[in-house]
Amino acid sequence: MQKYDVVVSVRTEYLAKQSTPAESRYVFVYHISITNCGTEPAKLQTRHWIITDGNEQVQEVKGSGVIGEYPHLGPGESFHYSSGTVMDTVVGSMQGSYQFLADDGTEFNAPIRPFTLSVPNQVH
């Protein structure tokens, strides 16, 4: 078991009722689960997202915490939250990382692997 090992998993959904396709406005929500699989407790400090739409337009988002919180996770503990984004295209992707500060003073990143945001039943 590694000392610093935070695993991030993502589930996405398209919010049709909040979207207006006639105006190229597509709303997506993503549900995040952050689990400390390491042996050292750590606190989430910042986030870094790279959002790419179907036209290869890239937006970077950096900020403190997630949804106004800075979860402190002991070994085996998880934190769950949901957030969202709006895109101009029916498909896009997100990826990034969370920056953590371990209780022993070590800073480390938890990568967020690329995931797809997609309107169901669309040809891409």
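Just above, that's the structure.
Note that the coordinates shown come from a computational prediction; the quantities given were computed from them, not determined experimentally.

## Some thoughts on unusual backbone geometry
Positive phi, normally seen in glycine, also occurs at serine 24, with a value near 55°. Relative to the helices and strands, serine 24 resides in the loop between strand E1 (6-14) and strand E2 (26-36). Its identity is not glycine, yet isoleucine 67 carries a phi of approximately 45°, on the positive side. Within the secondary structure layout, isoleucine 67 lies in the loop between strand E4 (58-64) and strand E5 (72-73). For isoleucine 67, a relative accessible area of 46% gives the class partly exposed.

## Overview of the pairing of strand E8 (residues 107-118)
Remember that side chains alternate between the two faces of the sheet whenever the strand is regular. Bridging between strand E7 (residues 91-102) and E8 involves ten bridges; their strand directions are antiparallel. Residue pairing for E8: leucine 101 is matched across the bridge by glutamate 107. What sits between the antiparallel neighbours E7 and E8 is a turn of four residues, in which glycine 105 has the positive phi angle 95°.

## Regarding the nonpolar core
Counting 27 residues, the largest nonpolar core has Ile32, Ile34, Trp49, Tyr81, Tyr98 and Phe100 as the members making the most contacts within it. Listing elements by their share of this core, those giving two or more residues are E1, E2, strand E3 (42-53), strand E6 (78-87), E7 and E8. Among residues more than four places away in sequence, those in contact with isoleucine 34 are Val6, Val7, Leu44, Leu73, Glu77, Ser78, Phe79, Tyr81, Tyr98 and Phe100.

## Quick look at the packing of aromatic side chains
To describe a pair of aromatic rings, one takes the distance between the centres and the angle between the planes. Inspection of every chain in the model, using the stated rule, returns eight aromatic pairs. With centroids separated by 5.5 Å and ring planes inclined at 50°, the aromatic side chains of tyrosine 14 and phenylalanine 28 adopt a geometry described as tilted. Taken together, the positions of tyrosine 14 in strand E1 and phenylalanine 28 in strand E2 put the pair 14 residues apart, joining distant regions of the chain. Note on accessibility: tyrosine 14 and phenylalanine 28 belong to one class, buried. Relative to tryptophan 49, the ring of tyrosine 30 has its centre 5.3 Å away and its plane inclined at 55°; by these criteria the two rings are tilted. Note that tyrosine 30 is positioned in strand E2 and tryptophan 49 in strand E3, a separation of 19 residues in sequence. Judged on exposure class, the residue tyrosine 30 and its partner tryptophan 49 are both buried.

Definitions and limits used
- Residues numbered from 1 in each chain as written.
- Predicted model: local features only at pLDDT ≥ 70, side-chain atom pairs only at ≥ 80, totals over all residues.
- Heavy atoms only, no water.
- Helix = DSSP H or I, 4+ residues; strand = E, 2+ residues; numbered from the N terminus.
- Buried < 20%, exposed > 50% of the residue type's maximum accessible area, 1.4 Å probe, protein only.
- Pairing = 2+ DSSP bridges.
- Core = buried A, V, L, I, M, F, W, Y, C linked by side-chain atoms within 4.5 Å.
- Contact = heavy atoms within 4.5 Å.
- Phe/Tyr/Trp six-rings, centres within 6.5 Å; stacked < 30°, edge-to-face > 60°.

Nothing here speaks to function; it is all geometry.
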